Amino acid sequence: MFVVVEMVDTVRIPPWQFQRQLNDAIAEELNKKLANKVVYNVGLCVCLYDITKLEDSYIFPGDGASHTKVHFRYVVFKPFLDEILIGKIKYCSQEGVHVTLGFFDDIVIPPESLQQPAKFDEAEQVWVWEYETDEGAHDLYMDQGEDVRFRVVDEVFVDTSPSGPVTAPTEAPGAATTAADEGGQKKEAPYTLIGSISEPGLGLLSWWSNN
C-alpha cells in the first residue's frame, strides 16, 4: 500500500530560516510542498522518509533565500495492482460504489466489477447484490459506512496542472450566462483507484462473517 520513492527537488529556504539546521529547514519545506499532494504517475505523498544527499546551496541576485538541490526519499501511497484493501463505502451512484480509506477517497468500484447479478436501487441510492440461495434470491444492500474488501485492478492519473486561459466562445449580445457556464467543467481527481469485488471473499465484510 505504501512505498518509498526516490525524488529530487530544489528547495528554497528564506533568510529568516537560516538560524535553523539546514536539514530541518529542508525537511519542513519538503513536507509543506508535498504532504497530502498527488504527484503525477507517482502517487499520494504522505511524509518525508529521509534526505539522502544535499548539493551545494546558492543565493541568486535579487533573492536572499538559499536554493539547494536535494535528493530524498518520500513515503507514497500507491497500492500495487491486485492488492486487496479494506475500506468503507462513502456513497453509491450510477457510476458504481465509491469507497474511502479515511485518508484517501478517490476509489470507485464500477458496476461491472460488483458481485453479479447487481442492480442500483434509485430510491435508496445503493447498489444491491441479488444473492441466489436454495430458498431464492436475497437482496444484499451495499449501505454507506459498511466495511468492504476489494481488489485494486487499475489506477488512473490525471494531469490537473493549470493549462492556461481558455478562450470563451463568442456569445450574441445580451445572451444570458448559465450557472453551468460559470461553474465550468467538473474538477477531476488527480489520482483514482479502480476496484473490484467480483470474486468470492470480496465485498462487504458482513456478507462473509454471516456465512
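Residues numbered from 1 in each chain as written. Predicted model: local features only at pLDDT ≥ 70, side-chain atom pairs only at ≥ 80, totals over all residues. Heavy atoms only, no water.

Engineer: Would you explain the pairing of strand E8 (residues 118-121) in this entry?
Structural biologist: Within a regular strand, side chains alternate between the sheet's two faces. Of the strand pairs in this sheet, E8 and strand E9 (residues 126-133) are connected by four bridges, and their pairing is antiparallel. What sits directly across from Lys119, in E9, is Val128. Hairpin connection, E8 to E9: the antiparallel pair is bridged by four residues, and Gln125 has positive phi, about 55°. (Pairing = 2+ DSSP bridges. Helix = DSSP H or I, 4+ residues; strand = E, 2+ residues; numbered from the N terminus.)

Engineer: What's the story with the packing of aromatic side chains in this structure? I'm lost.
Structural biologist: The relative placement of two aromatic rings is captured by the distance of their centres and the angle of their planes. One pass over the structure, following the stated rule, counts nine aromatic pairs. Considering the side-chain rings of Phe77 and Phe103, the 5.1 Å spacing of their centres and the 85° angle between planes classify their relative orientation as edge-to-face. Remark: Phe103 occurs in the loop between strand E6 (96-100) and strand E7 (107-109) and Phe77 occurs in strand E4 (residues 66-77); sequence separation between them is 26 residues. Overall, Phe77 belongs to the buried group, its relative accessible area being 0%. A relative accessible area of 39% means that Phe103 is categorised as partly exposed. For the pair Phe104 and Tyr191, a centre-to-centre distance of 5.5 Å together with 55° between the ring planes defines the contact as tilted. Of this pair, Phe104 sits in the loop between E6 and E7 while Tyr191 is found in strand E12 (residues 191-196), placing the two residues 87 residues apart along the sequence. Through successive ring pairs, a cluster of aromatic residues spans Phe2, Tyr40, Phe77, Phe103, Phe104, Phe157 and Tyr191. (Phe/Tyr/Trp six-rings, centres within 6.5 Å; stacked < 30°, edge-to-face > 60°. Buried < 20%, exposed > 50% of the residue type's maximum accessible area, 1.4 Å probe, protein only.)

Engineer: Looking at this structure, how should I read the pattern of salt bridges?
Structural biologist: Should the charged atoms of two oppositely charged side chains come close, the side chains can pair. Counted under the stated rule, the structure contains twelve salt bridges. Between Arg151 and Glu199 there is a salt bridge, with its nearest N and O atoms 2.9 Å apart. Of the two residues, Arg151 sits in strand E11 (residues 147-157) while Glu199 sits in the loop between E12 and strand E13 (203-204), which places them 48 residues apart along the sequence. Among the ionic contacts, a cluster of salt bridges with common partners joins Arg20, Glu28, Glu29 and Lys32. (Salt bridge = Lys/Arg side-chain N within 4 Å of Asp/Glu carboxyl O.)

Engineer: So what exactly am I meant to see when it comes to the environment of Ser66 here?
Structural biologist: Tracing the chain through its elements places Ser66 in strand E4. Taking C-alpha positions, Ser66 is 9.9 Å from Thr10, a pair spaced 56 residues apart along the chain. Not counting chain neighbours up to four residues away, the residues in contact with Ser66 comprise Val11, Arg12, Ile13, Phe18, Ser57, Tyr58 and Ile59. (Contact = heavy atoms within 4.5 Å.)

Engineer: Explanation requested: the environment of Val75 in the structure shown.
Structural biologist: Looking at the element boundaries, Val75 is found in strand E4. You can call Val75 buried: its relative accessible area is 15%. Not counting chain neighbours up to four residues away, the residues in contact with Val75 comprise Phe2, Val3, Leu44, Cys45, Val46, Cys47 and Tyr49.

Engineer: Is there a simple way to think about the nonpolar core in this case?
Structural biologist: Nonpolar side chains tend to gather and get buried jointly when the protein is soluble and globular. Judged by nonpolar contacts, the single largest core of 26 residues is most densely connected at Val97, Met142, Phe150 and Ile197. The biggest single contributor to this core is E11, with four residues. Other than its neighbours up to four places away in sequence, Ile197 contacts Ile109, Ser113, Leu114, Gln115, Met142, Val148, Arg149, Phe150, Leu202 and Gly203. Core analysis: the next-biggest nonpolar cluster, separate from the first, contains 15 residues, Ile13, Ile26, Tyr74 and Val76 among them. (Core = buried A, V, L, I, M, F, W, Y, C linked by side-chain atoms within 4.5 Å.)

Engineer: Could you clarify how one ought to interpret the sheet that holds strand E1 (residues 2-13) in this entry?
Structural biologist: Sheets are built from strands that pair by backbone hydrogen bonding, the pairs being arranged parallel or antiparallel. Pairing is antiparallel across the open sheet formed by four strands, whose spatial order is E1-E4-E3-E2. A single partner strand is all that each edge strand has here, and the edge strands are E1 and strand E2 (38-39). Judged from the twelve bridges that link them, E1 and E4 form a sheet pairing that is antiparallel. The residue bridging Val5 from the neighbouring strand is Tyr74, located in E4.

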